[in-house]
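# Summary of the model geometry
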Amino acid sequence: MKFLITGGAGFIGSHLSEDLLGSGHSVVAIDDLSTGRMQNVHALSHNNKFQLVVESITNATVMDRLVSECDIIVHLAAAVGVELIVRSPVHTIETNVMGTENVLRTARRYRKKILIASTSEIYGKLGNVPFNEDDDSLIGATTHHRWAYATSKMLDEFLALAYHKEMGLPVVIFRLFNTIGPRQRGRYGMVVPRFVRQALSGSDITVYGDGNQSRCFCDVRDVIPAITALAESSKAEGRVFNIGAKDEITIIDLARKVKNMCDSQSSIILVPYEQATEQGFEDMRRRIPDTSRINELIGWNPSITLDDTIADIIQQFKEDGLSDPITERPIVERVVVD
Ligand code: UDP
């Protein structure tokens, strides 16, 4: 099959491209390289079944041609990362709403199956973990820019499901929970690569808030087989699926784990949210997926441990070096906890 992957040079897109090529498929990746990187797909550039188109998904002419020539679309291109979203809310809303609208309209024109990446951010500030696909959302006020991401992705989901209902377009939505692994960068917020980078360079490991908020981290190499199985399943069409791990860890314990595994002399410090992001920033205390739906359909369960993933991320940073710096905000109050 010929896959069109939007955001194909990004962290998840590059792992997906690699996996599909390994299974004998052809891949066309479209990426504007805003957060995607050439380096992510460098190893694929000699494969004659792989093609990278450096262009925006909002370019209707290019998308028309690429969609007409593919068998199936995986739409990953989006503005992601809490820091990027808070810093550039216009870019976030425009990319996530207009981009997806264009991809869906083109998919409909050629009646191509489309998988759309969504996010656990959609559950918002809900407290009743684990989150089920049919749960309500609890999104904060529009003055908090973080929620622009959840809302834009929610609109993507509504539009995709509407195309399915009204026009019979084969769409599948998957909501990714915290996904980590080699090639992910910390520049736009993601906590694990940030901590690894900080620990390896001997800088302070910056834990936001009190560090007692928790997350479940899933290795991208567990996430990819879930996406490819959904692509193959006609029973997935018109439905929404959570993809994520269940093992929960607090961010302060994550900082300690990364520090130990890097054998680092860094200090672990607490940074108030308003210093780290924006005034009034709202974080989720806990975020755990209910994955029974995807498990029932395709028998999916993640298997890679957090320790193994962190070890691979450390290894990758050591091989690639610590270029691609993260912009740290000046820390006014430095509370060392470890
Ligand atoms: N976080 C942190 N220090 C950092 C970056 C993030 O303590 O340098 C925290 C962040 O506030 C959140 C958690 O780590 O509670 C996960 O953040 P990430 O941006 O990776 O994903 P999120 O779950 O917020 O989408």
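What counts, and at which threshold
Residues numbered from 1 in each chain as written. Predicted model: local features only at pLDDT ≥ 70, side-chain atom pairs only at ≥ 80, totals over all residues. Heavy atoms only, no water. Salt bridge = Lys/Arg side-chain N within 4 Å of Asp/Glu carboxyl O. Helix = DSSP H or I, 4+ residues; strand = E, 2+ residues; numbered from the N terminus. Buried < 20%, exposed > 50% of the residue type's maximum accessible area, 1.4 Å probe, protein only. Pairing = 2+ DSSP bridges. Axes fitted to C-alpha atoms, helices over the stretch in contact; angles between N-to-C directions. Contact = heavy atoms within 4.5 Å. Near = heavy atom within 4 Å. Polar contact = N/O pair within 3.5 Å; in protein donor to acceptor, adjacent residues only side chain to side chain. Areas by Shrake-Rupley, 256 points an atom, 1.4 Å probe, with all protein chains shown as cover. Nonpolar A, V, L, I, M, F, W, Y, C, P; charged D, E, K, R; others polar.

### Observations concerning the pattern of salt bridges
A side chain with one charge may pair with a side chain of the opposite charge, provided their charged atoms come close. Here the structure, examined in full by the defined rule, presents 21 salt bridges. Here Asp283 and Arg146 are joined by a salt bridge, their closest N and O atoms 3.3 Å apart. Of this pair, Asp283 sits in the loop between α10 (273-276) and α11 (292-298) while Arg146 sits in helix α6 (residues 146-167), and the two are 137 residues apart along the sequence. Among the salt bridges present, the one from Asp253 reaches Arg256, with a minimum N-O distance of 3.3 Å. Here Arg256 and Asp253 lie together in helix α9 (residues 251-261), a separation of three residues that amounts to about one turn. Judged by its relative accessible area of 36%, Asp253 is partly exposed. By relative accessible area, Arg256 is classed as partly exposed at 33%. Residues participating in the shared-partner salt-bridge network are Glu121, Arg146, Arg215, Asp283 and Arg287.

### Points about the sheet that holds strand β6 (residues 171-176)
Pairing is parallel in the open sheet, where seven strands are placed in the order β3-β2-β1-β4-β5-β6-β11. The sheet is open, and its two borders are formed by β3 (50-54) and β11 (239-243), each paired with just one other strand. Shown here is a sheet whose adjacent strand axes are inclined to one another by a mean of 20°, direction ignored. Sheet topology places β6 next to β11; five bridges connect them, and they run parallel. Within β11, the residue paired with Arg175 across the bridge is Asn242. Helix α1 (residues 11-22) rests against β1 (2-6), β2 (26-31), β3, β4 (72-75) and β6 of the sheet, and its axis sits at about 170° to β1. Packing against the sheet, α6 makes contact with β5 (113-119), β6 and β11, and its axis sits at approximately 160° to β6.

### A look at the site of the ligand
Taken together, the neighbourhood of the ligand is formed by 18 residues, with Thr206, Tyr208, Arg215, Asp283 and Arg287 sitting nearest. Within the side chain of Asn178, one N or O atom sits 2.9 Å away from an oxygen atom of the ligand. Taking Arg287, its side chain carries an N or O atom lying 2.7 Å from an oxygen atom of the ligand. Relative to its unbound accessible surface of 510 Å², the ligand loses 92% to contact with the protein. Mapped onto the shell around the ligand, the elements with two or more residues apiece are α7 (191-201) and β8 (205-208). Here the shell around the ligand is built from residues that sort into eight nonpolar, four polar and six charged.

These values are about where atoms sit, not about what they do.
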